[in-house]
Amino acid sequence: MEKGFLNITSEIGNLKAVLLHRPGKELERLTPGYLEELLFDDIPWLKRMQEEHDDFAKVMKARGSKIYYYETLLADVLRDEHIKNQFVVDVIKNSHVGNIELEKIIIEYLQGERPESIVEIAISGLHKEDFPKMEREFHLVDYVKYDYPFYINPLPNLYFTRDPGAVIGQGLSVNKMKTPARDRETMFLSYIYRHHPLFKEKGTSLWYDYQEHYPMEGGDILVLSDEVVALGCSERTTARGIEILAQRLFAKGKVKKVLVIQIPFTRAYMHLDTVFTMVDHDKFTIYPGVENAVRVYELTQGVTTPKVTPKESLEKALMEVLHLPAVQLIQSGGGDEITAAREQWNDSTNTLAIAPGTVITYNRNEATNDTLRKHGIEVIEIEGSELVRGRGGPRCMSMPLLREEL
Ligand SMILES: NC(=O)NCCC[C@H](N)C(=O)O
């Protein structure tokens, strides 16, 4: 198979290229009334958040990663008039305006805009006040949704680029999000995948598609090696979605085993990577509060669905699939139950490895960072007081596109 640009065969190989989204105006559209629906617990201060995000990008750049941004790739794609027009139609379809005539008016208006403005509106939303006033007949929906401020909802979670997509081997999983709040994000990635020269080169398989029925989110996808992928079964990622993805990986790629790690289904740890990440060849960090609750299953190629084998423990399963004599599960929080729970809430376990044994973490998680260092890990700290308010850390905020093979 001809090699494309994308290649991820581990969680820890030197990070060469990564996809980010710099938080923008969409964050300023959060109000207390919509926090829960939009999956936030607090309202970040955008200016400081952007500074923190720029520092995050700077750290990766300094270590040799090329940074790509959603907003730039998407605008590149929309320079083609035909693609731009279709994109606008799809954005409106996804926004459930509910009034067909108004939809037509908004489509015409947006199609006349420049790619950069369309991208900004598609991400930060279209506030009713920002839309030119015009004489038109009110439909029922206009009365019913009179107090609702947007025609197009903002997407404040897009800076968690990990979740809408994941590169596995030479292919891409364009995920199916569990919640309507994040649905449109995957549509953006699908446009980039289908039309951006960086992605559409030969050799890029599509492992999963956002139009599938069963939710699957990227925070639950960990590429442990070229032959083993760990998939979290969580509040967001379904058992059936896992089976479908696993079967495709077995059929078309190099992957021989999928390790399913089932975690408790709860908001505090909505994805596997909020409680468990890989930090070195044989080292992982784990939130001790879930250690006894996780269940592990090994999937291997079956006939129509994968063959399932329950495993005794996470530690043993990791040793076996990675062919290691031992692995270390480093407990976050420095051994104290309360510290561990507090720091997990602030994404202490959501580390991003940029090289074997080198991770990026938030500086606020002092106990966990200390513990990692005591285990020989190089910890690069970033400020995250504002970024953390969306409930995600460095791993959630990055979608690796290319890592050096180990
Ligand atoms: N991989 C991750 O754990 N991503 C964090 C996502 C946080 C976001 N507010 C969400 O609830 O989807």
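Just so it is clear, the model here is predicted, and its values are computed rather than measured. (Residues numbered from 1 in each chain as written. Predicted model: local features only at pLDDT ≥ 70, side-chain atom pairs only at ≥ 80, totals over all residues.)

Considering the environment of His 82
Condition: Under the DSSP-based scheme used, a helix requires at least four consecutive residues in state H or I and a strand at least two consecutive residues in state E, with every element numbered from the N terminus.
In this structure, His 82 sits in helix H3 (residues 81–95). For the pair His 82 and Phe 5, spaced 77 residues apart in sequence, the C-alpha separation works out to 25 Å.

Focus on the UniProt feature "active site" (unreviewed entry) in the chain
For clarity, the cut-off: UniProt positions are given in the numbering used here, feature names are shortened, and annotations may be inferred rather than shown by experiment. Think of it this way: build a C-beta for each residue from its backbone, and any pair within 7 Å is a contact.
Mapped onto the present numbering, the UniProt feature "active site" (unreviewed entry) falls on Cys 396. Position of Cys 396 among the secondary structure elements: in the loop between strand S18 (378–382) and strand S19 (399–403). In this view, Cys 396 contacts Phe 160, Arg 162, Asp 163, Gly 219, Asp 273 and Asn 350; residues no more than four positions away in its chain are not counted.

Quick look at the site of the ligand
The following threshold applies: For each residue, a C-beta atom is positioned from the backbone; the residue is called near a molecule or strand if that atom sits within 6 Å of it. For this classification, the nonpolar set comprises Ala, Val, Leu, Ile, Met, Phe, Trp, Tyr, Cys and Pro, the charged set comprises Asp, Glu, Lys and Arg, and every other residue, Gly included, is treated as polar.
Around the ligand, the structure places 15 residues, and the nearest of them are Leu 39, Gly 219, His 271, Gly 392 and Cys 396. Partitioning the shell around the ligand into residue classes produces 4 nonpolar, 6 polar and 5 charged.

Some points on the environment of Ile 8
Counting through the fold element by element, Ile 8 comes out in the segment before strand S1 (15–20). Sequence-wise, Ile 8 and Leu 172 are 164 residues apart; in three dimensions their C-alpha atoms are separated by 9.7 Å. With sequence-adjacent residues up to four places away left out, Ile 8 is seen in contact with Val 167, Ile 168, Gly 169, Val 223, Pro 400 and Arg 403.

Side note on the sheet that holds strand S17 (residues 358–362)
Put simply, the test is: A strand pair is defined by DSSP finding two or more bridges across the two strands. What counts as an axis is a line fitted to C-alpha atoms, over the stretch in contact for a helix, and the angles between N-to-C directions run from 0 to 180 degrees.
Reading across the sheet, the 3 strands line up as S16-S17-S18 and stay open at both edges, with mixed pairing between neighbours. At either end of the open sheet lies a strand with only one pairing partner, and these are strand S16 (352–355) and S18. Within this sheet the neighbouring strands show an average axis-to-axis angle of 35°, counted without direction. Sheet analysis places S16 next to S17, joined by 3 bridges and oriented antiparallel. For Ala 353, the partnering residue across the bridge sits in S17 and is Val 359. Against the sheet, helix H1 (residues 46–62) contacts S16, S17 and S18, and its axis sits at roughly 150° relative to S18. Of the strands in this sheet, S17 and S18 touch helix H13 (residues 366–374), which is tilted by about 155° from S18.

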